[in-house]
Amino acid sequence: LRSPYSGGHLEVIVGPMFSGKSEELIRRVTRAVIARQRVQVFKPAIDDRYHETAVASHAGRTVGALAVPDAAAIRAHLAGEGPLLGARAEMPDVIGIDEVQFFGPEIVTLALDLAEAGVRVVLAGLDLDFRAEPFGCMPELLARAESVEKLTAICTVCGAPATRTQRLIAGQPAHFADPVVLVGAQESYEARCRVHHEVRR
Ligand code: ADP
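Just so you know, these numbers come straight off a predicted model, no measurement behind them.

Examining the side chain of Ser57
Thinking step 1. Along the polypeptide, Ser57 turns up in the loop between strand E3 (51–56) and strand E4 (62–68).
Thinking step 2. When residues no more than four places from it in sequence are discounted, the contact partners of Ser57 are Ser22, Glu23 and Ile26.

Following this line, the structure appears as structure tokens:
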């Protein structure tokens, strides 16, 4: 019997900050490299340019990655190595993307095209934003994935499993109306359980 995961497919890893999403992505990618598969990891670039970088977990493990401004840049990069959805031999066997919540809706089409083309697509990202609302493209990716892993962190207040990300501005819970992506603010983040997650209204 063929496994539902033996051909191209979509795996999604979600959870709050510090839940080990990057660790899990690195673990899966490292195993693929050990199996001599061709692997390419991407992550969103802060600025608008491609560059070689790494996905790093909070515990310090890293794997090489290419930072890209958007989903179109991933497509272009893959096309440069061979026709994007053409010869399977020229495509990576495994494509990993970290921080996938920062990509726009085009990432969904790209992930599905890649899975259709036979690629194992492993995506890691925040399922919820700092308000505990579904984050951008994530609901669609979760619905369309063959495999979903929800990880928990540890609540910094009580030690319970944490499913949410607390945003603090100068030590105070952020407001619901704050932008989802903050630029240049004095912010910090903590993992929190449902009880200790706070959003000011
Ligand atoms: P994510 O990608 O989900 O943000 P990482 O893989 O980067 O998570 O980091 C997970 C690591 O963070 C854990 O293995 C642990 O060493 C560390 N860590 C720090 N704070 C916490 C916390 N509150 N709960 C769980 N792990 C934490």
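Some thoughts on the pattern of salt bridges
Thinking step 1. Under the counting rule described, the total for this entry stands at eleven salt bridges.
Thinking step 2. One salt bridge connects Arg27 with Glu24, and the closest N-O pair in it is separated by 3.2 Å. Here Glu24 and Arg27 lie together in helix H1 (residues 21–34), a separation of three residues that amounts to about one turn.
Thinking step 3. The class for Arg27 is partly exposed, based on a relative accessible area of 42%.
Thinking step 4. For Asp129, the salt bridge identified is with Arg131, shortest N-O distance 2.8 Å.
Thinking step 5. Looking at Asp129, the relative accessible area reads 3%, which means it is buried.
Thinking step 6. Overlapping salt bridges bring together Glu11, Glu24, Arg27, Arg28, Arg120 and Glu149 as one network.

Re the site of the ligand
Thinking step 1. Near the ligand there are 13 residues, and of these Phe18, Lys21, Ser22, Glu23 and His58 occur at the shortest range.
Thinking step 2. Between the ligand and the protein, one listed contact pairs an oxygen atom with a backbone N or O atom of Gly20 at 3.0 Å.
Thinking step 3. Burial of the ligand by the protein amounts to 73% of the accessible area it has alone, namely 590 Å².
Thinking step 4. Of all elements in the fold, only H1 and strand E8 (153–154) reach the threshold of two or more residues within the shell around the ligand.
Thinking step 5. The biggest single contributor to the shell around the ligand is H1, with three residues.

Calculation criteria
- Residues numbered from 1 in each chain as written.
- Predicted model: local features only at pLDDT ≥ 70, side-chain atom pairs only at ≥ 80, totals over all residues.
- Heavy atoms only, no water.
- Helix = DSSP H or I, 4+ residues; strand = E, 2+ residues; numbered from the N terminus.
- Contact = heavy atoms within 4.5 Å.
- Salt bridge = Lys/Arg side-chain N within 4 Å of Asp/Glu carboxyl O.
- Buried < 20%, exposed > 50% of the residue type's maximum accessible area, 1.4 Å probe, protein only.
- Near = heavy atom within 4 Å.
- Polar contact = N/O pair within 3.5 Å; in protein donor to acceptor, adjacent residues only side chain to side chain.
- Areas by Shrake-Rupley, 256 points an atom, 1.4 Å probe, with all protein chains shown as cover.

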